Amino acid sequence: MVRIFGLALSMLCLGLVSALHRSSLPTSLPILQSILENDRLSTEGAFSEEFAHVKFATKQVEISTTAKDILAMYAAYSGAAYTVSTKWNCPYACEYPGTEGTVVEYNWEIGVPESAGYIARNPGKKLIIVAFRGTDNLLQWVDNTDVWQMQWPAALNNSYVHRGFMRGYLSVRPIVLGYVKDVATRYPDYSISLVGHSLGGAKASICLLDLSLTIPELLPRLRLYTQGQPRVGNRGFANAINALGVLISREVYEYDLIPRLPLESMGYRHHSFEAWDHANTTR
């Protein structure tokens, strides 16, 4: 009975909060604005060499301005998924420092289940961006509330993921994998960063594990940057992501409720460490 109540509560909260979470996007992009206004970021642990000074931290510490700038740039790339099409000319996000010169290689928008995003490259930084759009309409809201878990990937028997998120990812999987392989082959010295806000972050996380299994030679080049991402799967899924050993930043803005859903009592766990965007204090 408790589990059923938790399921119903999580479905209701995830749906309602998703609508609020997304209501001011893409015009204002509050998560990006908060970073641009120099809100302070703290982290519980290590990201990679870019954040080497917190690599062995056991408590929250404030990260460097350089690391903050890196997170802000990737938040801009996530935000652009709401408006960018075939050209890098979207308002605000496409104008953010560090994204200049970005070239859109592919973009997609699939009907049912809905999924949208783009693949771009930044020649100046030798960087490939794979961006997934977050919750944008009612159909995706319905997917958000489908919190039952399904076993995935087949190679990992103990890994289970959110059925709604997985359905949205699978609708675009062949396209995304094909696009990524093509661009990665043409630019073999570029790193590959998967990004996404909210629902987009969930899909980017799934894509990271998928790419590591489907095109394993790309693993040393993969990175993951998400903002406001909900929990995606169970402990088995989270452990599989953590075991990849790639650079991951899972950013949370203030006391955003979305990253606290679905509930841990339903068997959900977050992967990796958290970068906390906190305006007033650093803990």
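Computed from a prediction, not measured in an experiment: that's the story for all the values here. Along each chain, the written sequence defines residue order, and numbers are assigned to residues from 1. pLDDT decides what is reported in this predicted model: residues at 70 or higher carry local features, side-chain atom pairs at 80 or more are listed and counted, and totals for whole chains, interfaces and linings draw on all residues regardless. To obtain the side-chain values, all non-hydrogen atoms of the structure were included, while hydrogens and water were left out.

Draft legend 1. Fine view of the overall build of the protein. Starting at the N terminus, helices and strands are each numbered in turn, a helix being any DSSP run of H or I of at least four residues and a strand any DSSP run of E of at least two. In terms of helices and strands, the protein carries eight helices and eleven strands. The buried label goes to any residue with under 20% of its type's maximum accessible area, the exposed label to any with over 50%, and the partly exposed label to all in between, with areas taken from a 1.4 Å probe on protein chains only. Sorting the 283 residues of the protein into buried and exposed places 55% on the buried side. The contacts of the protein with a sequence gap of at least 6 include a subset with a gap of at least 24, amounting to 70%. Residues count as neighbours in contact if any of their non-hydrogen atoms are within 4.5 Å of one another.

Draft legend 2. Region of interest: the packing of aromatic side chains. Aromatic rings from Phe, Tyr and Trp, taking only the six-membered ring of Trp, are treated as a pair when their centres fall within 6.5 Å; an angle between ring planes under 30 degrees marks them as stacked, one over 60 as edge-to-face, and anything in between as tilted. Overall, the coordinates contain nine aromatic pairs when judged by the stated rule. Between Tyr74 and Tyr77, the ring centres sit 6.4 Å apart and the planes meet at 45°, which makes this aromatic pair tilted. In this pair, Tyr74 and Tyr77 both sit in helix α3 (residues 65–80), three residues apart, roughly one turn of the helix. Tyr77 carries the same exposure label as Tyr74, and that label is buried.

Draft legend 3. The arrangement of unusual backbone geometry in detail. Along the chain, Trp152 connects to Pro153 via a cis peptide bond; the corresponding omega equals -5°. As for its position among the elements, Pro153 is in the loop between β6 (149–151) and β7 (160–162). Although it is not a glycine, Tyr92 adopts a positive phi angle of roughly 70°. The residue Tyr92 is located in the loop between α3 and β3 (103–110) in this model.

Draft legend 4. Helix α8 (residues 235–243), seen in detail. Of all the residues in α8, the buried ones are Gly236, Phe237, Ala238, Ala240 and Ile241. Of the surrounding elements, those touching the buried residues of α8 are β7, α7 (199–214) and β10 (247–253). Looking one or two places after α8, you find Gly245, whose phi comes out positive at around 75°.

Draft legend 5. A look at the state of the cysteines. By convention in this document, the label disulfide applies to cysteine sulfur atom pairs within 2.5 Å. Under the definition given, this model contains one disulfide. Each disulfide pairs two cysteine sulfurs, and for Cys90 the partner residue is Cys94, the sulfurs being separated by 1.9 Å. Here the disulfide of Cys90 and Cys94 is right-handed, its torsion about the S-S bond being about 100°. Here the two residues Cys90 and Cys94 agree in accessibility, since each one is buried.

Draft legend 6. Inspection of the environment of Lys181 at higher detail. In this fold, Lys181 is placed in helix α6 (residues 173–186). Using a relative accessible area of 48% as the deciding quantity, one classes Lys181 as partly exposed. In this structure, the C-alpha to C-alpha distance between Lys181 and Ile215, residues 34 residues apart in sequence, is 7.9 Å.

Draft legend 7. Quick look at the confidence of the model for the protein. The pLDDT value tells you how sure the predictor is about a given residue, anywhere from 0 up to 100. Averaged over every residue, the pLDDT of the protein is 81; the share at 70 or more is 74%. Low pLDDT, under 50, characterises residues 1–47; the predicted model gives this stretch 125 contacts beyond four residues in sequence or across chains. With pLDDT under 50 throughout, residues 50–56 is counted as low confidence; its partners more than four residues away or in other chains account for 15 contacts.

Draft legend 8. Structural context of the packing of α7 against α8. Axis definition: a line fit to C-alpha positions, over the contact stretch in the case of helices; interaxial angles, taken between N-to-C directions, run 0 to 180 degrees. Two elements in contact, α7 and α8, have axes separated by 10 Å at closest approach and are oriented at 65°. Taken as a pair, α7 and α8 cross one another with a handedness that is left-handed. Along the contact surface, α7 presents Ser205, Ile206, Leu208 and Leu209, while α8 presents Phe237, Ala240 and Ile241. Put simply, Ala, Val, Leu, Ile, Met, Phe, Trp, Tyr, Cys and Pro go in the nonpolar bin, Asp, Glu, Lys and Arg in the charged bin, and everything else, Gly too, in the polar bin. Tallied by class, the residues present in the contact of α7 with α8 amount to six nonpolar, one polar and no charged. The handedness criterion is simple: a crossing whose near helix is rotated anticlockwise from the far helix by less than a right angle is left-handed, and one whose near helix is rotated clockwise is right-handed.

Draft legend 9. Fine view of the pattern of salt bridges. We define a salt bridge as a contact between a side-chain nitrogen of Lys or Arg and a carboxyl oxygen of Asp or Glu at a distance within 4 Å. Counted according to the given criterion, the structure contains ten salt bridges. Note that Arg121 and Glu105 form a salt bridge whose closest N and O atoms lie 2.5 Å from each other. One end of the pair, Arg121, is in strand β4 (residues 115–122); the other, Glu105, is in strand β3, and 16 residues separate them in sequence. For Asp146, the salt bridge goes to Arg163, with nearest N and O atoms at 2.9 Å. Here Asp146 is found in the loop between α4 (138–145) and β6, whereas its partner Arg163 is found in helix α5 (residues 163–170), with 17 residues between them in sequence. Residue Asp146 is classed as buried on the basis of its relative accessible area of 10%. Here Arg163 falls in the partly exposed class, since its relative accessible area comes to 34%. The structure contains a network of salt bridges with shared partners spanning Glu105, Arg121, Asp182 and Arg186.

Draft legend 10. Geometry of the pairing of β4. Among the eight residues of β4, eight are classified as buried, and the element is accordingly described as predominantly covered. A two-sided burial pattern is seen for β4, the buried positions comprising Ser115, Gly117, Ile119 and Arg121 on one face and Ala116, Tyr118, Ala120 and Asn122 on the other. Relative to β4, β3 runs antiparallel, the two being bridged by seven bridges. What sits directly across from Glu109, in β4, is Ala116. Should DSSP find at least two bridges between two strands, the strands are taken to pair. Hairpin connection between β3 and β4: a loop of four residues separates the two successive antiparallel strands.

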